[in-house]
Amino acid sequence: MKKGTGRPVFSGVAIGRAYIYKKQQAALPTSCGDASVEQRHFEEAKEEARAQLQALFEKTCKEIGEEQGMIIDVQMMMLDDLDYLESIEAMIKNGASAAEAVKETGDTFAAAFAAMDDDYMKARAVDVKDVSTRIVTILCGGKTGFSMEEPGILVAEDLTPSETVQMPKDKILAFVTRQGSSNSHTAILARIMNIPSLVQTQINLDDEIDGKQMIVDGFEGCYYIEPDEQTLAVMKEKRHATEEYRQQLEAYRGKESVTRGGRKINLFANIGNPDDLVHVIEGDAEGVGLMRSEFLYLGRTDFPTEEELFEAYKKVVEGLGGRRVVIRTLDIGADKQADYFGLEHEENPALGLRGIRICLEREDVFRPQMRAIYRASAYGPVSVMFPMIASLWEVRKVKEFCAKIREELIAEGVAVGEVELGIMIETPAAAIMSAQLAKEVDFFSVGTNDLTQYTLAIDRQNPNLDAFYDAHHPAVLELLRQVAHNAHEAGIWAGICGELGADASLTETFLEMGYDELSVSPGRVLELRKKVCESEVQ
Ligand code: PEP
Ligand code: MG
């Protein structure tokens, strides 16, 4: 038996035969000697690629969702990108065949994207490579896509998004790749498809493992090749228990989140953008407790306009059909950078200009966001909260600003709703000052990811410090206890929207502390509802 590890992208256990996926390496045809003929071959292949992608786009939107369809859409846009097309044309004029020109251009563009700082742009490297491979394959007379005879575990160097969506979903039990990041489109698709997967493994792709029995444990982030009897039995049991558990959770769909002792709690979901609404509905969340609105600012070259922001918020508000959304104002900075903000390089970005600090310094950024949020509030229940608060003066200044924006809109004759104003408690200062802060706002939402990082002085981004990043640390739990207590003393509600909120081993503790809301990834809601419904807390 061989065992290896990787970064888990989606949990679950899969047992099956390894299926090594290797891309076809066709020898590229050389030029026929006539550049105009090669150019025509390219144009025809490009249109064929467009037709394939269009069909794939429709299939993806129908079977997986519009957000994933957009991944294909990005590739279709590449087919009209002037720089890309001009580069190919120039190479053909210089004597390259259509296939050689597309391959060379695809590689060059992919390398340029991969070298960019922006994570979104980095991820585009895969898209340009993918679309170029498709055109080259057409030019070589080949077909894209592949088939699997029987269900198996797909093992690959890396997978592009369009390869992933074309895979026969009913046949793939798990993905294991040597490359790939947990933010890649392929990883996103794997999560949506509920397929256990590991990236960044050291798995050996030599054919010797092809067809061998394999296990992927997406909980532990490990895989086994030719497992021994004992491992196989343990993993079969684990898989069975997981399936049974998921089935049991369905009994909690549509139920109220109330303890046996009669305590009602909100089980809300965290989202990044309007496309995530589908998961909120699927997960049976009772509302959105954290919309990380900075995602609307990432992966762009310029600020979104007030109108764009308004449309995005309105879509969420309307999509929730009367359920509440808590929009967090942008938390750019630290690991979430957008070049067009023009922020200076910082030695300690997690302790730098981020979250509310940017909004307080940049009214030109804060104003359109707040106007858009107030405008969207006319369409359903909206709360707004501010990240990285550390001092009373920040809250007072933000409140003044919000009151000004509200009055301004009313004076313009624009409809606005009643908007609750809250703050995130994610700095130790805010937790310690929570009694005073509670008198200023309508609610608290605890960001345990940052609260843990700042309380324990441990960089949450540093994988080498994982062993020290202890969100169960008594200091963190004590702050959580104080925050809920101080909120209730002042008559306001308190929730948790950091990852710790989904930690089922602490649900009872959070109920005892008096938390009114837990906001978690949509897929975790049913599990937590079960916990809540089984609790005796009053
Ligand atoms: C947190 O810090 O816990 C939080 C919810 O915000 P983010 O993870 O986006 O910093
Ligand atoms: Mg945070």
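What counts and how
Residues numbered from 1 in each chain as written. Chains lettered and ligands numbered in written order. Predicted model: local features only at pLDDT ≥ 70, side-chain atom pairs only at ≥ 80, totals over all residues. Heavy atoms only, no water. Near = heavy atom within 4 Å. Polar contact = N/O pair within 3.5 Å; in protein donor to acceptor, adjacent residues only side chain to side chain. Areas by Shrake-Rupley, 256 points an atom, 1.4 Å probe, with all protein chains shown as cover. 1 Å grid on protein atoms, 1.4 Å probe; cavity = no way out; pocket = protein on both sides within 12 Å on 5 of 7 lines; lining within 4 Å. Sits in = over half its atoms within 2 Å of the grid points. Helix = DSSP H or I, 4+ residues; strand = E, 2+ residues; numbered from the N terminus. Nonpolar A, V, L, I, M, F, W, Y, C, P; charged D, E, K, R; others polar. Donors = N, O, S within 2.8 Å, 3.2 Å for Na, K, Ca; no water. Buried < 20%, exposed > 50% of the residue type's maximum accessible area, 1.4 Å probe, protein only. Expected span 1.5 Å × (residues − 1). Pairing = 2+ DSSP bridges. Axes fitted to C-alpha atoms, helices over the stretch in contact; angles between N-to-C directions. Contact = heavy atoms within 4.5 Å. Core = buried A, V, L, I, M, F, W, Y, C linked by side-chain atoms within 4.5 Å. Salt bridge = Lys/Arg side-chain N within 4 Å of Asp/Glu carboxyl O.

Caption draft 1: Spatial organisation of the site of ligand 1. Near ligand 1 there are 15 residues, and of these Arg292, Arg328, Gly447, Asn449 and Arg460 occur at the shortest range. The separation between an oxygen atom of ligand 1 and a polar side-chain atom of Arg292 is 2.8 Å. A distance of 2.8 Å is found between an oxygen atom of ligand 1 and a side-chain nitrogen or oxygen belonging to Arg328. Within the complex, 98% of the 290 Å² of free accessible area of ligand 1 lies under protein. Comparing atom positions with the cavity grids shows ligand 1 to sit within the largest cavity. Listed by contribution, the elements that provide at least two residues to the shell around ligand 1 are strand E10 (288–292) and helix H16 (448–456). Of the residues forming the shell around ligand 1, the biggest block, 3 residues, is contributed by H16. By residue class, the composition of the shell around ligand 1 is 3 nonpolar, 4 polar and 8 charged.

Caption draft 2: Region of the structure containing the coordination of the magnesium ion (ligand 2). Looking at the magnesium ion (ligand 2), the protein donor atoms are Glu426 (OE) and Asp450 (OD), and they sit 2.0 to 2.1 Å from it. Here the residue Glu426 occupies a position in the loop between strand E13 (419–425) and helix H14 (428–432), and Asp450 occupies one in helix H16, the gap between them amounting to 24 residues. Asp450 matches Glu426 in its accessibility class, with the two residues each being buried.

Caption draft 3: Quick look at helix H5 (residues 119–139). For H5, built from 21 residues, the straight-helix expectation of 30 Å at 1.5 Å per residue is met to within 8% by its first-to-last C-alpha distance of 31 Å. Considered for burial, the residues of H5 that qualify are Arg124, Ala125, Asp127, Val128, Asp130, Val131, Ser132, Arg134, Ile135, Val136, Thr137 and Ile138. Gly141 sits one or two residues past H5 and shows a positive phi near 80 degrees.

Caption draft 4: Summary view of the sheet that holds strand E2 (residues 7–10). In spatial order, the strands read E1-E8-E7-E3-E4-E5-E6-E2; together these 8 strands make up an open sheet with mixed pairing. The open sheet terminates on both sides in strands that have one partner only, identified here as strand E1 (2–5) and E2. Averaged over all neighbouring strand pairs, the angle between strand axes comes to 30 degrees, with direction disregarded. Alignment of E1 against strand E8 (residues 222–225), held across 4 bridges, turns out to be antiparallel. Across the sheet, residue Gly4 finds its bridge partner in E8, namely Tyr223.

Caption draft 5: A look at the side chain of Thr105. As for its placement among the helices and strands, Thr105 is situated in helix H4 (residues 98–114). A relative accessible area of 0% means that Thr105 is categorised as buried. Those residues within four positions of Thr105 in sequence are excluded, and the remaining contacts are Tyr84, Ser87, Ile88 and Met91.

Caption draft 6: Molecular detail of the pairing of strand E3 (residues 13–21). Most of E3 is tucked away, with 7 of its 9 residues classed as buried. With 5 bridges joining them, E3 and strand E7 (residues 213–217) adopt antiparallel strand pairing. Bridging across to E7, Ala14 finds its partner in Val216. When E3 meets strand E4 (residues 152–156), the two strands line up parallel, connected through 5 bridges. Paired with Ile20 across the bridge in E4 is Val155.

Caption draft 7: Broad picture of the nonpolar core. By size, the foremost hydrophobic cluster in this structure holds 86 residues, and its most contacted members are Met370, Phe386, Phe444, Leu480 and Tyr515. Dropping the residues within four chain positions of it, Tyr515 is found in contact with Arg263, Ile265, Val446, Leu480, Val483, Ala484, Ala494, Gly495, Ile496 and Phe510. In terms of nonpolar packing, the next biggest core, distinct from the first, is built from 27 residues, Leu56, Phe57, Met78 and Ile138 among them.

Caption draft 8: The arrangement of the pattern of salt bridges in detail. Under the counting rule described, the total for this entry stands at 37 salt bridges. We note a salt bridge from Lys264 to Glu286, for which the minimum N-O separation is 3.8 Å. Here Lys264 is found in the loop between helix H8 (229–249) and strand E9 (266–271), whereas its partner Glu286 is found in the loop between helix H9 (277–282) and E10, with 22 residues between them in sequence. With a relative accessible area of 39%, Lys264 lands in the partly exposed category. In this structure, the salt-bridge partner of Lys315 is Asp275, at a minimum N-O distance of 3.9 Å.

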